[in-house]
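# Coordinate inspection notes
Each chain, written out:
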Amino acid sequence: MASPGEETVIITHVGKKKKAPSRYWQEQQKEETTDGAVKGTTEPTVVEEKTPKQKKRKLKHDQNKNKKFISGKSDPFPGYAPIPGDRLQKFKRKEKINKPPRQHFKLRKLIVRSEEASEMAQKQAARFDLLLPEEAGFLEGDEGEDTCLVSQEDIANAVDITSGAKHFNLKLSQFGPYRVDYNKTGRHLLIGGRRGHVACIDWQSKHLMCEINVMESVNDVKWLHSESMYAVAQKKWLYIYDSKGIELHCIRKFNDVLRMQFLPYHFLLATASATSFLQYLDVSVGKEVAAINTKTGRLDVMCQNPQNAIIHLGHPNGTVTLWSPNQKEALVKMLCHQGGVRSVAVDKTGTYMVTSGMDKKLKVYDIRAFKPLKSYFLPAGASCLSLSQRGLLSAATGDIVQVYRDVWSSPVTKPYMAHRVRGAVWGLHFCPFEDVLGVGHQDGFTSMLVPGAGEPNFDGLDANPFRSAKQRQEWEVKALLDKIQPELISLNPTELGHVDRATFQQKHEDRVKALGFDPLAKVKFIPKYKKKGRSSAGRVEKRKKQVAHEDQRDIIRKAMEDKKKTDEEQNRKEQKKALLSSQKSALDRFKK
């Protein structure tokens, strides 16, 4: 036990709090204070003992003081950052709807809520657009230099190693000429030789996924919804293979197929045959959706409109027809050329269509109005056409591939780029999200570098070039759930949101016939029974008269409006007659 004179040492299980590490500016302040204490007066400093309450109060005061010091300045840019008008216009969804009167308050609230959500989504999209760092660049020459004279080797040497490796040649002279197709993400390449050679490649890593020879002629090849399956139009029938080259299906209903197009959001494979049949296959369930006899002869020119999933077919009589699986007749017939149509291409917005024909002309059409915009003469004509995501047009003439810019906005006098390949070109396809043009020709395959061709920013939820196998599986399930039915394919997709008033009227008439009375007719007024002497005979009659007067007022108002319209029309006719009579005629001199 300690003696009374000794101090008791209290040891707790909780250690002392460590001091926060001092900063360099705090050390300087300490030094300044110590120097000041040494140099200043030698009066003894009095240390005041403070109670815990005083310490806490001082600590709070210091914190408040610091806060006031930090947030003392006003924000020079209050609120959200302003959004440029052109960016907002880019993501504009719809025009504002006229709000109904106050009686329909529920519908009014619903429309207001919908407009607010649409406006918020528009602003958010415009803000997030700033986060898209990639920009599309084009090839620009020096003063007096023509960009079409720049060779592919010069471009490959000038760019970085990764981009330069995208230009390559596959020499496959034994089985050519070749058809070409890139999948939706732009990562995988599918080539099919006329003499039976089929190969699918991860063209960026140059990894060969599979290579087979089907031992009969191949007319066309096409990727399906993912890189795990592709379709091959062989001599007799249509075959489906997987990415390892294993035959999955032989569909004998689809015979003599010449060209194919895959509609990714509908999971439909559209085929055009030598027997003049346009057929649709639903690849999700393996059933034929529609078979249409076009009665126009051999169908070897085909393309799709990515905007509304309408199929465009070119015919030997110079016409281009537009087809949907819902109708047995063509939606539109356009006379585009004086000779046979050789190739057709539609841009991704579904606004412009480019055609080439045997009359050696290249024509640009506005599909919204079905009118020609531009017409160009090519000395040898164009056998193949392809449009990129950024609106560049590639046209093949024999063994020369030419790329044009802005063919629909301004007159084009010379090509943007040009390249000669080894043999006649049989297939052209721009790679999505890459500045690359795939060319299938007699001697194999060539990958061309075309600056400014691909969309630089991709949608990771729709087509992600860097997705893993797990992400692909999840995307496939979601895409199947969101599959659009073929009945919804129409020339104008915005019609789906409109009310079919004629059908509504017809349904209403059928309902009246079935019920024997009109459920929507105005019911005859029956006054309610009110208590406390308010339902006397006189008051009831008074209420009836009020309602009758209201109905009568509506009838009188309508009659007055009709009378006003007829009077205005009569006055207009009289004024017109007076104006004609006031004008002098050459025969007036014979009047007495």
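Since we're looking at a predicted model, the values are computed, not measured.

This part covers the overall build of the protein chain. Within the protein chain one finds 9 helices and 28 strands. In the protein chain, which comprises 592 residues, the share counted as buried stands at 37%. Considering only intrachain contacts with a sequence separation of at least 6, the fraction spanning at least 24 residues in the protein chain is 45%. As presented, the protein chain carries roughly 40,500 Å² of accessible surface, and 54% of it is formed by carbon and sulfur atoms.

Right, let's get into the environment of Ile-83. Within the secondary structure, Ile-83 sits in the loop between α2 (52–70) and α3 (85–90). A sequence separation of 41 residues divides Ile-83 from Gln-124, and the C-alpha atoms of the two residues are 9.8 Å apart. In this structure, Ile-83 is in contact with Leu-88, Lys-123, Ala-126 and Arg-127, ignoring residues within four places of it in sequence.

Turning to the sheet that holds strand β22 (residues 384–387), a few remarks are in order. One open sheet holds the 4 strands; their spatial order is β22-β23-β24-β25, and the pairing between them is antiparallel. Edge positions in the open sheet fall to β22 and β25 (417–420), since each of these has one partner strand only. For this sheet, the mean inter-axis angle between neighbouring strands, taken without regard to orientation, is 15°. Where strand β23 (residues 393–397) lies against strand β24 (residues 400–404), 5 bridges are found, and the strand directions are antiparallel. Following the sheet pairing, Leu-393 is matched in β24 by Tyr-404.

The next point concerns unusual backbone geometry. Of note, the bond from Gly-176 into Pro-177 is cis; its omega dihedral lies within 30 degrees of zero at -5°. Relative to the elements of secondary structure, Pro-177 occurs in the loop between β1 (168–171) and β2 (178–182). Backbone geometry at Lys-295 places phi at a positive 60°, although glycine is not the residue there. When you line up the elements, Lys-295 lands in the loop between β13 (287–293) and β14 (301–304).

The strand order β18-β19-β20-β21 describes an open sheet built from 4 strands, whose pairing is antiparallel. Of all strands in the sheet, those with a lone pairing partner are β18 (341–346) and β21 (371–377), marking the two edges. Averaged over neighbouring strand pairs, the angle between their axes works out to 20° when direction is ignored. When strand β20 (residues 361–366) meets β21, the two strands line up antiparallel, connected through 6 bridges. Its bridge partner being in β21, Leu-362 is matched across the sheet by Tyr-376.

A grouping of Tyr-265, Ile-484, Leu-488 and Leu-496 is seen on the molecular surface, where their side chains present a nonpolar patch of about 360 Å² in accessible area. Within the element layout of this structure, Ile-484 appears in the loop between α7 (469–481) and α8 (501–515). Under the relative-accessibility criterion, Ile-484 is labelled partly exposed at 31%.

Time to look at the layout of surface pockets. Gaps left between atoms show up when a probe the size of a water molecule is rolled over them. Approximately 600 Å³ is the volume found for the second largest pocket. Forming the boundary of the second largest pocket are 30 residues, of which Ser-163, Lys-166, Phe-433, Glu-434 and Asp-435 lie nearest the centre. Partitioned by chemical class, the residues of the lining of the second largest pocket number 15 nonpolar, 7 polar and 8 charged.

Bringing the state of the cysteines into the picture now. By definition, a disulfide links the sulfur atoms of two cysteines through a covalent bond. Taken as a whole and assessed by the stated rule, the structure comprises 0 disulfides. Its sulfur unpaired, Cys-200 is 3.1 Å from the next cysteine sulfur, which belongs to Cys-210. Take Cys-200: its relative accessible area is 0%, and that puts it in the buried class.

This structure, assessed with the given rule, holds 1 cavity of 30 Å³ or more. Of the voids in this model, the largest cavity is the one considered here, and its volume is about 60 Å³. If you go around the largest cavity, the residues you meet are Asn-183, Lys-184, Thr-185, Leu-224, His-225, Ser-226, Glu-227, Asp-462, Arg-467 and Trp-475. Here the residues of the lining of the largest cavity sort into 2 nonpolar, 4 polar and 4 charged.

For the structure shown, the criterion picks out 18 salt bridges. Close ionic contact of Arg-467 with Glu-227 constitutes a salt bridge, the shortest N to O distance being 3.3 Å. Placement of the pair is Arg-467 in the loop between β28 (444–449) and α7 and Glu-227 in the loop between β6 (218–223) and β7 (229–234), with a sequence separation of 240 residues. Across the pair, exposure class does not vary: Arg-467 and Glu-227 are buried alike. Residue Asp-443 pairs with Arg-422 through a salt bridge whose shortest N-O separation is 3.8 Å. Highlighted residues: Asp-443 in the loop between β27 (436–441) and β28 and Arg-422 in the loop between β25 and β26 (425–430), separated in sequence by 21 residues. Salt bridges linked by common partners bring Lys-348, Arg-390 and Glu-455 together as one network.

Mapped onto the elements, Gln-261 comes out in strand β10 (residues 257–263). A sequence separation of 41 residues divides Gln-261 from Asp-220, and the C-alpha atoms of the two residues are 9.8 Å apart. Non-local contacts of Gln-261, meaning those with residues more than four positions away in its chain, are made with Lys-222, Leu-268, Leu-269, Ala-270, Met-302, Cys-303, Gln-304 and Ile-311.

With that settled, the discussion passes to the pairing of strand β15 (residues 311–314). What you see with β15 is no split at all: Ile-311 and Leu-313 on one side and His-312 and Gly-314 on the other are buried throughout. Sheet topology note: the β14/β15 ladder contains 4 bridges and is antiparallel. Across the sheet, the residue bridging to Val-301 is Gly-314, located in β15. Joining the antiparallel neighbours β14 and β15 is a turn of 6 residues, in which Ala-309 adopts a positive phi near 60°. Hairpin connection, β15 to strand β16 (residues 319–323): the antiparallel pair is bridged by 4 residues, and Gly-318 has positive phi, about 90°.

The first and last C-alpha atoms of α8 sit 21 Å apart over 15 residues, in line with the 21 Å expected at 1.5 Å per residue. Where α8 terminates, the next one or two residues include Gly-516, which has phi positive at roughly 90°.

Chain-level statistics for the protein chain give a pLDDT mean of 85 and a share of 84% at 70 or above. Here residues 1–10 is a poorly scored stretch, pLDDT under 50, and it has 0 contacts once near neighbours within four places are set aside; other chains count. Across residues 65–69 the pLDDT falls below 50, and counting only partners more than four positions away or on other chains, this stretch makes 0 contacts in the model.

Cut-off values and rules
Residues numbered from 1 in each chain as written. Predicted model: local features only at pLDDT ≥ 70, side-chain atom pairs only at ≥ 80, totals over all residues. Heavy atoms only, no water. Helix = DSSP H or I, 4+ residues; strand = E, 2+ residues; numbered from the N terminus. Buried < 20%, exposed > 50% of the residue type's maximum accessible area, 1.4 Å probe, protein only. Contact = heavy atoms within 4.5 Å. Areas by Shrake-Rupley, 256 points an atom, 1.4 Å probe, with all protein chains shown as cover. Pairing = 2+ DSSP bridges. Axes fitted to C-alpha atoms, helices over the stretch in contact; angles between N-to-C directions. Patch = residues over 30% accessible without salt bridge, like charges linked within 9 Å, V, L, I, M, F, W, Y side chains within 5 Å. Salt bridge = Lys/Arg side-chain N within 4 Å of Asp/Glu carboxyl O. 1 Å grid on protein atoms, 1.4 Å probe; cavity = no way out; pocket = protein on both sides within 12 Å on 5 of 7 lines; lining within 4 Å. Points joined across faces, edges and corners; volume = space filled by probe spheres on them. Nonpolar A, V, L, I, M, F, W, Y, C, P; charged D, E, K, R; others polar. Disulfide = S-S within 2.5 Å. Expected span 1.5 Å × (residues − 1). pLDDT = per-residue confidence, 0-100.

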